[in-house]
Structures are given as structure tokens and as C-alpha cells.
Amino acid sequence: MRGIVLLHAIRSAIMALFFLVAMPAFAAEEIRFDKEPLLIQTAAGRVLHFTVEVAVTSDQRARGLMFRKSMADDAGMIFDFGEPRRVAMWMENTILPLDMLFADDTGTIRHIKENAKPYSRDIIDSMGDVKYVVELNAGIVTKLGIKLGDRIVSATTTKAK
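Read on for an overview of the structure. (Residues numbered from 1 in each chain as written. Predicted model: local features only at pLDDT ≥ 70, side-chain atom pairs only at ≥ 80, totals over all residues. Heavy atoms only, no water.)

**Some thoughts on the packing of aromatic side chains**
The final tally for this structure, using the stated rule, is one aromatic pair. With a centroid separation of 6.4 Å and an interplanar angle of 15°, the aromatic rings of F79 and F81 are classed as stacked. By relative accessible area, which is 2% here, F79 ends up buried. By relative accessible area, which is 14% here, F81 ends up buried. (Phe/Tyr/Trp six-rings, centres within 6.5 Å; stacked < 30°, edge-to-face > 60°. Buried < 20%, exposed > 50% of the residue type's maximum accessible area, 1.4 Å probe, protein only.)

**So, the sheet that holds strand β3 (residues 75-89)**
Here seven strands make up an open sheet; going across it, the order is β5-β4-β6-β3-β2-β1-β7 and the pairing mixed. Edge strands, defined here as strands with exactly one partner in the open sheet, are β5 (109-116) and β7 (151-154). Each strand axis lies, on average, 35° off the axis of its neighbour in the sheet, ignoring direction. With eight bridges connecting them, strand β1 (residues 34-41) and strand β2 (residues 47-55) associate as antiparallel partners. Residue pairing for β2: Q41 is matched across the bridge by V47. (Pairing = 2+ DSSP bridges. Helix = DSSP H or I, 4+ residues; strand = E, 2+ residues; numbered from the N terminus. Axes fitted to C-alpha atoms, helices over the stretch in contact; angles between N-to-C directions.)

**Regarding unusual backbone geometry**
Unlike most non-glycine residues, Y119 shows phi in positive territory, near 65°. In the Ramachandran plot, M127 falls in the positive-phi region, its phi being about 65° despite a non-glycine side chain. Structurally, M127 is set in strand β6 (residues 124-137). When its relative accessible area of 55% is taken as the criterion, M127 is described as exposed.

**Some thoughts on the pairing of β6**
Most of β6 is tucked away, with ten of its 14 residues classed as buried. For β3 and β6, the ladder comprises nine bridges, and the chain directions are antiparallel. Residue pairing for β6: I78 is matched across the bridge by V134. Direction of pairing for strand β4 (residues 98-103) relative to β6: antiparallel, over a ladder of six bridges. Looking across to β6, one finds that D99 is bridged to L136.

This is a description of form; function is not addressed.
Right, dumping it as C-alpha cells:
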């Protein structure tokens, strides 16, 4: 009996060691994102240019910008949720502070979360139905004067509905 208990303990220890070693590899598993130009048309008449990665699959949306250590000032990510719905996001495993733009099915920005904190488990709520979320480096919203009512335009937002 004591041998069986010892065998189970060794097996458990080996499994725990496997997961300690394997989890970082799973976290680093590459998920590919297409890129596309994205414009933000401001109510003030300015057109802001970005290049964004596109997250359309559930795996892409789950990964987002997690584990990224840097991002160009004119880069970001657009999440396409397929249909308008209330969206809840968080920053766990996200190293970069981000500004988040929540847009409806017309691309109109309906809610903005500035300076989302890295590694936070706090829920970031869209505050209403949205189809898209655009993540940019923190500070871009203030620096470029992006406001509610401005509009995002990209190949993703202009696809046939």
C-alpha cells in the first residue's frame, strides 16, 4: 500500500513539473494575425492612420496583445466580434498599457477606456453593444484627440454585413 501511495506521489510530482515547464511554451505558442490599414476619422475632420492586426477567431480574440513587450505608435489590434454585443475584456498577461476603442457595427466609437493597466484582471466593459474593439498604445487617445463619435474604418469594418 505504501508503494502505491509513493507511486502516486511521484506521478503527481512529474505531472506538476511537466506543467511548470510546458505552460510557458503554451503561452508563447504563435497565433498568426493578418494586418490591415485602419483609419480613424475624427469629428474634427482629421484622418489618423494605423496598421492593425486583425483578431477574428476565438483563439485570436483570446490571445489579443498578450505577452507583447512593445508596439509601434501607429500599430494596434482590431477585434471583430461578428455581431454587436456587450463585450467584457481584461488585461491579464498583457504587458503593454493600452487605450481601447469600442465601436458599433458602423465603426462609430461608443466607449473609450484609456490607459488600461497591464496584468489587471479588472473587467473592462464596452458599456453597450459593440462589434469592434481597437487597442492602441496607452496615451494615443489623448495625444491624437480621439473622441466618442469618431469613426474607425478598415477592411474589417467595411466588409459586407
